[in-house]
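# Descriptive analysis of the structure
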Amino acid sequence: MYLAPDHIKMFVGGEWTDADSGATLDVIDPGEGKRIARVSSGDASDIGRAVDAAQDAFRSGLWSKMDVKSRAAAIRRLADLVDDHRTILAQLDSLDVGKPVWQAYDADVPNVSRTLRYYADLSVQTQSRVPITASGYDVHSFREPYGVCAFIFPWNYPVELIGTGIAPALAAGNTVVVKPAEDTPLSSLYFCKLVQKAGIPDGVVNIVTGLGHTAGAALSKHPGIKRMSFTGSPEVGKLIGEACGRNLVPVKLELGGKGAAVVFDDFDVGSAVKGLTDAVTANSGQLCCTATRWVIHEKILDQFVKQAVETLQSIKIGYGLEPSTQMGPLVSEKQRQRVLGYLKRGEEEGARKLLAGGPLRVPGHEGGFYVSPALLTGSPENVCAREEIFGPVAYVLPFSSEQEAIELVNMSNYGLANSVWTNDLERANRVAESLTAGTSWINAHNDSPLGVPSAACNLSGMGGGGSGPEALTDYLRPQSIVRPLR
Ligand code: NAD
């Protein structure tokens with residue numbers, strides 16, 4: 001029913017509206033390669049309306065000046081509604097991204113409601129006025145929301161990104177304009193229905209669906225936005241940073257990664273294989289922080305590779321809505337061509353295929369964008385060892401000493417997340433601290449508890465990230481009040 005109308009409209013100023021141009025975009029089911037819906041395709045004009053609506057809502061004070069406990073209560077109502085609509089939100093992301101529905105149901109959607117509640121609670125506990133000691137002065141600092149905060153998201157975790165991304169901004173009292181990815185807008189639009197139902201005032205949350213170079217570019221350079229948060233590729237992140245720099249708008253960039261996992265020879269091979277094959281096939285490898293460089297101690301290399309190949313070959317690849325599916329298709333034909341292109345270039349540069357991977361035909365779903373997992377090895381300079389592929393492809397790099405492992409990991413231009421696998425806790429901590437990134441896991445990968453910041457560096461981003469208390473203060477503008485005592 002939700003997908004049935006001619007097209008799904010955008011949500012601006014509390015109303016469901018068409019794009020000013022009347023343009024629409026097709027939404028494709030990657031599991032079948034067929035259109036499942038159409039959405040409005042906004043551009044600069046619609047972005048202008050949305051920023052105006054968010055500005056009006058901010059200035060009205062209905063949200064920004066609302067008593068913090070009432071605001072937190074509205075966010076908790078939204079969290080309850082997300083829980084109540086967990087099944088449909090999970091199904092929408094499964095249809096839109098191709099991911100196994102159970103992954104969205106078990107992980108992505110509950111993370112949204114948990115995060116909304118976390119920032120609602122934190123906003124109530126955070127002191128907005130703090131006394132400051134300054135001899136001869138009466139001083140305090142206080143924090144205010146910025147105003148209109150802009151968000152641009154990628155397609156890999158649609159509902160999780162919008163829900164967890166805007167949670168701290170909303171809890172701080174800002175209003176938001178969101179541009180979801182053109183490939184996967186469905187759950188973000190559905191989320192707005194829940195925003196409405198939760199009684200969050202009109203204009204506090206606005207969504208403009210549309211293309212990156214039109215709607216996205218217009219949002220990032222709009223002079224009315226007071227903060228920008230971008231999640232996506234480093235290439236587009238640089239454009240966003242440039243646009244924000246011109247208007248002196250603070251910007252948070254959460255970008256790509258080329259995460260490594262260092263496995264020492266004292267660690268149980270079976271457990272490491274399970275952890276890393278799960279990591280590289282989760283969301284079909286379209287996961288920014290996942291482990292795609294497997295740095296394996298030479299003493300366990302053969303055993304590790306044999307078990308990893310067997311495990312990857314046994315993964316059930318299929319349609320996302322089928323309960324037995326462990327790995328779905330890639331999100332689009334464009335993404336499939338990107339992954340296949342990397343496999344070809346990697347081989348041309350001399351990478352050896354431990355498991356070939358490549359295009360896959362899934363019976364009954366012939367039009368879908370499926371690939372099977374690949375495992376490569378060779379020089380650390382190979383394109384597949386250096387660049388983010390964003391698919392189910394891992395690159396094996398053997399090592400013999402701790403120092404060599406650290407150097408292999410830190411060769412990367414990225415700095416998002418890595419992991420170290422060993423039973424020696426002292427070594428685990430020493431190596432984890434030596435790996436340059438926002439997060440180093442020990443004996444795990446892609447396991448991010450709520451409340452933990454993760455400040456990516458290098459090509460992986462800037463301006464902080466993760467779900468710590470810092471993310472709330474990121475959306476609060478500090479101001480000092482100073483009175484000389486004379
Ligand atoms: P992308 O950069 O191509 O697109 C991201 C968003 O930017 C989309 O909404 C797109 O429409 C928009 N966009 C594109 N061109 C634009 C422009 N010129 N101006 C403004 N907006 C524009 O990335 P993608 O392919 O959607 O996503 C994959 C990338 O996202 C990967 O690099 C992945 O690692 C990264 N990612 C990072 C995180 C993180 O938290 N660090 C999380 C998820 C994904």
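For the structure itself, look to the data block above.
The present account deals with the structure reproduced in this document. (Residues numbered from 1 in each chain as written. Predicted model: local features only at pLDDT ≥ 70, side-chain atom pairs only at ≥ 80, totals over all residues. Heavy atoms only, no water.)

## Here's the deal with the overall build of the protein
The number of helices and strands found in the protein is 15 helices and 22 strands. Since a compact globule built from 486 residues should have a radius of gyration of about 23 Å, the 23 Å found for the protein is in line with a globular shape. In terms of its C-alpha atoms, the protein occupies a principal-axis envelope of roughly 70 × 65 × 40 Å. Counted over contacts in the protein with a minimum sequence separation of 6, partners at least 24 positions apart contribute 73%. Of the roughly 19600 Å² that the protein leaves accessible, carbon and sulfur atoms contribute 51%. Placing the 46 positive and 54 negative side-chain charges of the protein at their respective mean positions leaves the two points 5 Å apart. (Helix = DSSP H or I, 4+ residues; strand = E, 2+ residues; numbered from the N terminus. Rg over C-alpha atoms; globule rule 2.2 N^0.38 Å. Contact = heavy atoms within 4.5 Å. Areas by Shrake-Rupley, 256 points an atom, 1.4 Å probe, with all protein chains shown as cover. Lys, Arg positive; Asp, Glu negative; His and termini not counted. Charge placed at Lys NZ, Arg CZ, Asp CG, Glu CD.)

## Quick notes on the layout of surface pockets
If you add up the space inside the second largest pocket, you get close to 390 Å³. Taken together, 19 residues make up the lining of the second largest pocket; nearest its centre are V68, R71, S128, R143 and E144. The greatest single-element share of the lining of the second largest pocket, amounting to four residues, is contributed by strand β6 (residues 137-145). Looking at the lining of the second largest pocket residue by residue, the class counts come to nine nonpolar, five polar and five charged. (1 Å grid on protein atoms, 1.4 Å probe; cavity = no way out; pocket = protein on both sides within 12 Å on 5 of 7 lines; lining within 4 Å. Points joined across faces, edges and corners; volume = space filled by probe spheres on them. Nonpolar A, V, L, I, M, F, W, Y, C, P; charged D, E, K, R; others polar.)

## Thoughts on the side chain of R293
Note that R293 resides in strand β13 (residues 291-297). An unpaired buried charge is present at R293: no salt bridge exists, and E381, the closest side chain of opposite charge, is 10 Å distant. Among the polar contacts listed, one links the side chain of R293 to the backbone oxygen of L408, at a separation of 3.1 Å. (Buried < 20%, exposed > 50% of the residue type's maximum accessible area, 1.4 Å probe, protein only. Salt bridge = Lys/Arg side-chain N within 4 Å of Asp/Glu carboxyl O. Polar contact = N/O pair within 3.5 Å; in protein donor to acceptor, adjacent residues only side chain to side chain.)

## Here's the deal with the environment of V371
Residue placement: V371 occurs in strand β16 (residues 371-372). As for V371 and D93, which are separated by 278 residues in sequence, their C-alpha atoms are 19 Å apart.

## Observations regarding the pattern of salt bridges
Enumeration over the complete set of coordinates arrives at 22 salt bridges. Salt-bridge contacts for D20 lead to R49; the nearest nitrogen and oxygen are separated by 3.1 Å. Of this pair, D20 sits in the loop between β2 (15-17) and β3 (24-29) while R49 is found in helix α1 (residues 44-60), placing the two residues 29 residues apart along the sequence. The class for D20 is partly exposed, based on a relative accessible area of 44%. In this structure, the salt-bridge partner of R427 is D266, at a minimum N-O distance of 3.4 Å. Pair noted here: R427 is in helix α14 (residues 425-434) and D266 is in the loop between β12 (259-263) and α9 (269-281), with a separation of 161 residues, a long-range link. Salt bridges sharing common partners tie together D20, D46 and R49.

Nothing here speaks to function; it is geometry throughout.
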